[in-house]
Amino acid sequence: MILTVCGRLAGVRFAACAVPLAACAVPLAACVVLLAACAVLLAAGSARGNGTWETHAFPHHAVVRDLDGDGLSDVVVCNAGAGSVTVLLGDGLGGFRERAHYATGRGPSWVDAVDVDGDGTLDLITGDTGDVGMTVYTGDGRGTFGARRTVEGYPGIGSLVARDFDGDGRGDVAIVQPLQERVVILHGEAAGTFREGAVYDVGAAPHILGPGDLDGDGRMDLLVNSLVDASILWLQGQEGGGFAPPRPIAVGGHPHYRVHGDWNRDGRRDLAVTLASDGAVGVLLRKADGTLALSESYPVGVNPHGLTGADVNGDGHRDLVVANRTSKDVVVLLSRGDGRFVPQPAVSTDEDVIAVEVGDFDRDGRVDLLLVSASSNQIIIWRGLGDGNFRPMPRPS
């Protein structure tokens, strides 16, 4: 499906050279395995063919944000095998007009963007799994980043969430440290530094920390998977930027990525989660008493990992898109609006897709997909057709 015609993109900037020999954390069952990977420095051209754009070695996680304030979808990818992040600025035509690499600590496995110092522009934060903490890059509002800083004292970060938890206009960070079995809240200070806040015990093998507002009270909650207990731990947001102690939600099947939405349109927030060992996506509906319980489980492929939610066919219902790493395909689950979904036939990617995000990269008003291919060192943009189907994005002319 993916074309292999190579191309080059004029005006590519390299803000920093990637540091070779990094490590990436891949939590499995009851432990975290540090997977060493040799960095592969790629050619200066960033466009390979229709929909494919080079990163650095072993891209692991990506976010879609507007980094330069032009209203277009930009992308930040952390490269666990190269000790770098790749920033791609969208051109609004389905591609990217500029690409830059920024060095981080060893093995960055997670990245997020937030205004750390309260100056109105987005900054970048990576959780460096093979190193001592986080890397922070200050943004200038034009899509470039400088003044690299390291926040030490937090080794082996598995994933993180960067938001303004306490409403003071400065970005805060929640990190999960699998080996230490804890979630730590770091509050942003006026100088762009952080002070440690609350620490929460989350038990063995916590995996993938993410944001949400499950109770609909307008405060950010945190969700983290427990691989050992086959559950999701829910830390409810409280007044002042704190969180309640974690509450377990049983799901089973080695949970990975999650998304939330109102699947049955009853006004309550529900969940969906990939269950890697079951080869399925589990759907959890929230009851009137506030509890969440597994309602349906949909077989989707071998080793489902990345999961995202969006209305991909324009019917007003939030659908699900899941990427299966081992069977190398993507499955769309179309929402019926009653809490149930209709899985569509799997579409082959021929790629080890570890994460999936959404954006409107060609400004046609339809949802497009961003696929992160770990073993091919690239991201892939699939254009949404508006009916739940996708095709590789044509290269901008």
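What you see is a predicted model; the values in this text were computed from it and never measured. (Residues numbered from 1 in each chain as written. Predicted model: local features only at pLDDT ≥ 70, side-chain atom pairs only at ≥ 80, totals over all residues. Heavy atoms only, no water.)

(A) Representation of the environment of Ala198 within the structure. You can see Ala198 is positioned in strand β16 (residues 194–201). Each C-alpha atom of the pair Ala198 and Val183 lies 8.4 Å from the other, and the pair is 15 residues apart in sequence. (Helix = DSSP H or I, 4+ residues; strand = E, 2+ residues; numbered from the N terminus.)

(B) Local environment of the sheet that holds strand β18 (residues 221–226). The sheet built from 4 strands is open, its strands ordered β17-β18-β19-β20 with antiparallel pairing. Either end of the sheet is taken by a strand with one partner, and the two such strands are β17 (206–212) and β20 (247–250). Neighbouring strand axes in the sheet, compared pairwise and without regard to direction, differ in orientation by 25 degrees on average. Here strand β19 (residues 231–235) runs beside β20; their pairing, made up of 4 bridges, is antiparallel. Following the sheet pairing, Leu233 is matched in β20 by Pro248. (Pairing = 2+ DSSP bridges. Axes fitted to C-alpha atoms, helices over the stretch in contact; angles between N-to-C directions.)

(C) Fine view of the environment of Asp131. Along the chain, Asp131 falls in the loop between β10 (123–128) and β11 (133–139). Since its relative accessible area comes to 18%, Asp131 is described here as buried. C-alpha separation for the pair Asp131 and Pro108, spaced 23 residues apart in sequence, amounts to 8.4 Å. Not counting residues up to four positions away in its chain, the partners in contact with Asp131 are Gly105, Arg106, Pro155 and Gly156. Separated by 3.0 Å, the side chain of Asp131 and the backbone nitrogen of Arg106 make a polar contact. (Buried < 20%, exposed > 50% of the residue type's maximum accessible area, 1.4 Å probe, protein only. Contact = heavy atoms within 4.5 Å. Polar contact = N/O pair within 3.5 Å; in protein donor to acceptor, adjacent residues only side chain to side chain.)

(D) Focus on the pairing of β18. Counting buried residues along β18, 6 of its 6 residues qualify, which places the element largely inside the surrounding structure. Every second residue of β18 is oriented toward a common face, with Asp221, Leu223 and Asn225 on one face and Leu222, Val224 and Ser226 on the other, all of them buried. Examined bridge by bridge, β18 and β19 share 5 bridges and lie antiparallel to one another. In the sheet register, Asn225 faces β19, and the bridge partner there is Ile232. Between β18 and β19, which follow one another and run antiparallel, lie 4 residues, and Ala230 among them has a positive phi close to 50 degrees.

(E) Layout of the environment of Arg65. Looking at the element boundaries, Arg65 is found in strand β5 (residues 59–65). Overall, Arg65 belongs to the partly exposed group, its relative accessible area being 24%. Here Arg65 is in contact with Leu72, Ser73, Asp74, Asp112, Ala113, Leu122 and Arg163, once residues within four sequence places are set aside. A distance of 2.9 Å separates polar atoms of two side chains, one belonging to Arg65 and the other to Asp112.

(F) The packing of aromatic side chains, seen in detail. This model, assessed by the stated rule, comprises 9 aromatic pairs. Pairing Phe96 with Phe361 gives two aromatic rings, centres 6.1 Å apart and planes at 65 degrees, and the pair type is edge-to-face. Linking Phe96 in strand β8 (residues 96–103) with Phe361 in the loop between β30 (353–359) and β31 (368–373), this pair joins segments that are 265 residues apart in sequence. According to the relative accessible area criterion, Phe361 is buried, its value standing at 3%. (Phe/Tyr/Trp six-rings, centres within 6.5 Å; stacked < 30°, edge-to-face > 60°.)

(G) Focus on the pattern of salt bridges. On inspection of all chains with the given rule, the structure shows 16 salt bridges. A salt bridge links Arg106 to Asp131, with the shortest nitrogen-to-oxygen separation between them at 3.6 Å. With a gap of 25 residues between them, Arg106 in the loop between β8 and β9 (108–114) and Asp131 in the loop between β10 and β11 connect regions that are remote in the sequence. Asp352 is paired through a salt bridge with Arg325; the nearest N and O atoms lie 2.7 Å apart. Of this pair, Asp352 sits in the loop between β29 (347–348) and β30 while Arg325 sits in the loop between β26 (319–324) and β27 (329–335), and the two are 27 residues apart along the sequence. As far as the burial class goes, Asp352 and Arg325 line up, both buried. Sharing partners across several salt bridges, the network here consists of Arg65, Asp112 and Arg163. (Salt bridge = Lys/Arg side-chain N within 4 Å of Asp/Glu carboxyl O.)

(H) Representation of the side chain of Ser159 in the model. As for its placement among the helices and strands, Ser159 is situated in strand β13 (residues 159–163). Ser159 sits in the buried class, given a relative accessible area of 1%. Looking at Ser159, its side chain comes within polar contact range of the main-chain nitrogen of Leu209, at 2.8 Å. Ignoring anything within four residues of it in the chain, the contact list for Ser159 reads Trp110, Ala174, Ile175, Val176, Ile208 and Leu209.

(I) Here's a closer look at the sheet that holds strand β12 (residues 145–152). The strand order across the open sheet formed by 4 strands is β9-β10-β11-β12, and the pairing between neighbours is antiparallel. The sheet is open, and its two borders are formed by β9 and β12, each paired with just one other strand. For this sheet, the mean inter-axis angle between neighbouring strands, taken without regard to orientation, is 20 degrees. As defined by bridge partners, β9 adjoins β10 across 6 bridges and the pair is classed as antiparallel. Across the sheet, the residue bridging to Trp110 is Gly127, located in β10.

(J) Geometry of the side chain of Asp270. In this structure, Asp270 sits in strand β22 (residues 270–275). There is no salt bridge for the buried Asp270, and the closest opposite charge comes from Arg268, which lies 6.0 Å off by N-O distance. At a separation of 2.8 Å, a polar atom in the side chain of Asp270 contacts the main-chain amide nitrogen of Trp263. (Lys, Arg positive; Asp, Glu negative; His and termini not counted.)

(K) Layout of the confidence of the model for the protein. Chain-level pLDDT for the protein is 88 on average; 88% of the residues reach the 70-or-more range. Under a pLDDT of 50 for its full length, residues 1–45 has, in the predicted model, 138 contacts with residues more than four places off or in other chains. (pLDDT = per-residue confidence, 0-100.)

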